[in-house]
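Analysis of the macromolecular model
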Amino acid sequence: MLSGDPGEMPAAISSAPAVDDAALIRAAQRGDQEAFERLVRAHDRAVLRLALSLLRSPEDARDVYQECFLRVYQNLHRFRHGSSFQTWLYRIVTNLCLDQLRRRKARREEPVEGTGAAVSRGRLEQMQEARAESDPQRRLLSGEIGQRIQGVLQQLSPKERVVFELRHYHGLRLREIGDVLGTTEEAAKNSLFRATRKLRAELGDLL
Amino acid sequence: MNCDAARERIPLYLYGELTGEQEEALARHLDECRTCRTALETEKRLHRLLDTAGAAPPEELLEECRRALGRAVEGRLPAQRFGVRTAGPPRRRLRAPSWAAGAAAALAAAGFFAGRWSAQLAAAADPGAAGTAMEVRYIDPQPGGRVRIVVEEKRQRVLEGTLEDSPIREALVNAVRNPLDPGVRADSVELLKGMAWSAEVREALLYALEHDPNDGVRWEALESLRAHASDPECRQALSRVLLRDRNPGIRSAAIDLLANSPDADVVGAFQELLRFEQNDYVRLRGIRALEALGAPVETF
């Protein structure tokens, strides 16, 4: 079928690693630790990437990563085959990130230079730049354009950021994103539309 | 459709999120409106720009997370608290679920989980050797508190030159398959666009077209192969893209490329497409292509 449903996509172009989640989940449910480890490794890069993108703090992203997979570990026996493990996992990590962003807002932790959050972002940028430090062009890209893009992404509302991240960087369909967020495909589409409009307006001079 | 409606649909078109009818209406408008075609190209550039900010998380952070999770799941150590935090999800010691109790306890007692994970330590920058990263491959505890560690070193170096230089071209060809960074892949595909006459470059571009998980990279790869659409290997890849790509925009672009230089096999590819295609717009493009070739829509 060619409906564009990722569930029907060939594994080669799926955003998720090409592993048989169902078999791994069944084995992990029987107590196979290696299967659980393989399940984690198949998905944890995406989980950390989403947490890092949304929270912009390695410490917070690390906490969310751990809490996310501990919840998976403790609740895997409740997982019902036939539903999407990826959607379940994204729902957990997204809720943890949104909770964290709400806490930050409530405690007025959001970007104030010199605070813990700002220091964490500095560390993240250092970690990202370290990978490209020997290449001047990449350094320039990550140091200037990359920061500019990140700055604009931070201006999006949390929901817009989640929808944009999941669609653009994680390849989820809007219908799946609606499932992750407990909302409709149409609402996800509206969030994506608002996000791309803002990004286009703010980054227009780079296009 | 007017220009305002078209501009609203262009982002959704690139994400493959329009219905068949919406895509058809947008295509009709784009055929007639140069301004909106320019807007589409601008939107594609925005996608490529945003791809550059979508790099994978740092490997060292990922490995830190894996080690900490391994320790927490093993249950022998309390979940480690990192850094100084003033807020965050509540941390707790793992309570082993009942379903896993037997096997997990046995494996944890053997240090299986944490051992395997910690043996795959992350690439860690060596402060004493700039440009070098090392990955621990094997840890062998020795008598007297000593330890023997086998490390694999990765050294960074700078390559400079033009696309005519084989080391540069080879690096870019390898970068097309970089699993971690869609920005690097998109840059590589774009740079290699003019080198598709080379068999190794064409092979890399065909790989990106068929296998890259990022829609923007696949779009770029398809564009880069436009001039080679009559090559047999390219046509075979395009025929597979017709049937397998998740993005209807890419599927319809593949129809156009195949239809521009038709051969005996293309009719069968289009007929095969119509057997399974569910997107109305792509179906319509396939039907029109077959009609233009004077071929029947049905195979029987």
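Residues numbered from 1 in each chain as written. Chains lettered and ligands numbered in written order. Predicted model: local features only at pLDDT ≥ 70, side-chain atom pairs only at ≥ 80, totals over all residues.

Attention now moves to the overall build of chain A. Assigned secondary structure in chain A consists of nine helices and zero strands. Reading the secondary structure of chain A in the N-to-C direction produces α-α-α-α-α-α-α-α-α. Within chain A, buried positions represent 44% of all 207 residues. In chain A, the share of contacts with a sequence separation of at least 24, taken over all contacts with a separation of at least 6, comes to 57%. (Helix = DSSP H or I, 4+ residues; strand = E, 2+ residues; numbered from the N terminus. Buried ≥ 20, exposed ≤ 12 C-beta atoms within 10 Å, placed from the backbone. Contact = placed C-beta atoms within 7 Å.)

The next thing to look at is the overall build of chain B. Counting its regular elements, chain B contains 14 helices and three strands. Burial analysis of chain B (300 residues in total) assigns 37% to the buried set. Looking at chain B alone, contacts between residues at least 24 apart form 54% of all its contacts between residues at least 6 apart.

This next bit is on helix α13 (residues 264–276) of chain B. For an α-helix, 3.6 residues make a turn, and residues three or four places apart therefore share a direction. Residue and element names in this part refer to chain B. Buried within α13 are the following residues: Val266, Ala269, Phe270 and Leu273. The arc that holds every buried residue of α13, seen down its axis, measures 95 degrees, which confines them to one face. Set apart from the buried face of α13 by more than 90 degrees, the exposed residues are Ala264, Gly268 and Arg275. Considering only its buried residues, α13 is in contact with α11 (232–244), α12 (248–260) and α14 (280–292). (Arc of directions from axis to C-beta.)

Residues and elements named next belong to chain A. Between helix α2 (residues 33–55) and helix α3 (residues 58–75), the shortest axis-to-axis distance is 9 Å and the interhelical angle comes to 145 degrees. Helix-helix and strand crossings are classified by hand; for α2 and α3 the assignment is right-handed. When α2 is examined against α3, the residues Phe36, Val40, Asp44, Val47, Leu48, Ala51, Leu52 and Leu55 are found in contact with a partner set consisting of Pro58, Asp60, Ala61, Val64, Tyr65, Cys68, Phe69 and Tyr73. Looking at side-chain class alone, the contact of α2 with α3 contains 14 nonpolar, no polar and two charged residues. (Axes fitted to C-alpha atoms, helices over the stretch in contact; angles between N-to-C directions. Left-handed = near helix turned anticlockwise from the far one by under 90°. Nonpolar A, V, L, I, M, F, W, Y, C, P; charged D, E, K, R; others polar.)

Another aspect to go through is the nonpolar core. Core analysis: the largest hydrophobic core is formed by 54 residues, its most contacted members being A:Val47, A:Leu48, A:Ala51, A:Val64, A:Tyr65, A:Cys68 and A:Val93. A per-element tally of this core places α2(A) first, with 11 residues. When we break this core down by domain, the ones giving at least three residues each are domain 1 (3–51) and domain 2 (59–81 + 101–155) of chain B. If you look at the next biggest cluster of nonpolar residues, it comprises 35 residues, including B:Val176, B:Ala196, B:Val241 and B:Leu257. (Core = buried A, V, L, I, M, F, W, Y, C linked by C-beta atoms within 7 Å. Domains from an automatic or database assignment.)

Further remarks concern the confidence of the model for chain A. Residue and element names in this part refer to chain A. With 73% of its residues at a pLDDT of at least 70, chain A reaches an overall mean of 79. Counted against residues more than four places away or in other chains, residues 109–119, with its pLDDT under 50, gives 16 contacts. Across residues 129–134, confidence stays below pLDDT 50; counting only partners more than four residues off in sequence or on other chains, it has 12 contacts. (pLDDT = per-residue confidence, 0-100.)

Residues and elements named next belong to chain A. Given a rise of 1.5 Å per residue, 22 residues ought to cover 32 Å, and the 32 Å separating the end C-alpha atoms of helix α4 (residues 85–106) matches this to within 8%. The set of residues buried in α4 consists of Gln86, Leu89, Tyr90, Ile92, Val93, Thr94, Leu96, Cys97 and Gln100. Buried residues in α4 make contact with α2, α3, α7 (158–169) and α8 (174–181). (Expected span 1.5 Å × (residues − 1).)

Residues and elements named next belong to chain B. Axis separation between helix α10 (residues 215–224) and α12 bottoms out at 10 Å; the angle between their running directions is 10 degrees. Between α10 and α12, the angle falls in the class roughly parallel. Contacts from Arg218, Trp219 and Leu222 of α10 reach α12 at Ile250, Ala253 and Ala254. Partitioning the contact of α10 with α12 into residue classes produces five nonpolar, no polar and one charged. (Parallel < 35°, antiparallel > 145°, perpendicular 65-115°, else oblique.)

On to the environment of B:Glu43. All names here are of chain B. As for its placement among the helices and strands, Glu43 is situated in helix α3 (residues 34–51). It is 8.2 Å that separates the C-alpha atoms of Glu43 and Leu14, two residues lying 29 residues apart in sequence. Apart from the residues lying within four places of it in its own chain, the contact partners of Glu43 are Ile10, Pro11 and Leu14.

What follows concerns the confidence of the model for chain B. Residues and elements named next belong to chain B. Counting all residues, the mean pLDDT for chain B is 77, and 77% of those residues have values of 70 or more. Averaged pLDDT values over the elements of chain B bottom out at 34 in strand β1 (residues 124–125) and peak at 93 in helix α9 (residues 199–211). Within the model, the stretch residues 76–130 combines pLDDT values under 50 with 99 contacts to residues more than four positions away or in other chains. The ipTM for the predicted assembly is 0.77, set against a pTM of 0.60.

Bringing the environment of B:Ala56 into the picture now. Residue and element names in this part refer to chain B. Within the fold, Ala56 resides in the loop between α3 and α4 (59–74). Of the residues examined, Ala56 has 19 C-beta atoms within 10 Å and is grouped as partly exposed. The sequence separation of Ala56 and Gly183 amounts to 127 residues, and the corresponding C-alpha distance is 9.9 Å.

Quick look at unusual backbone geometry now. All names here are of chain A. One non-glycine residue, Arg56, lies in the positive phi region at around 55 degrees. Mapped onto the secondary structure, Arg56 falls in the loop between α2 and α3. With 19 C-beta atoms counted inside 10 Å, the residue Arg56 sits in the partly exposed group.

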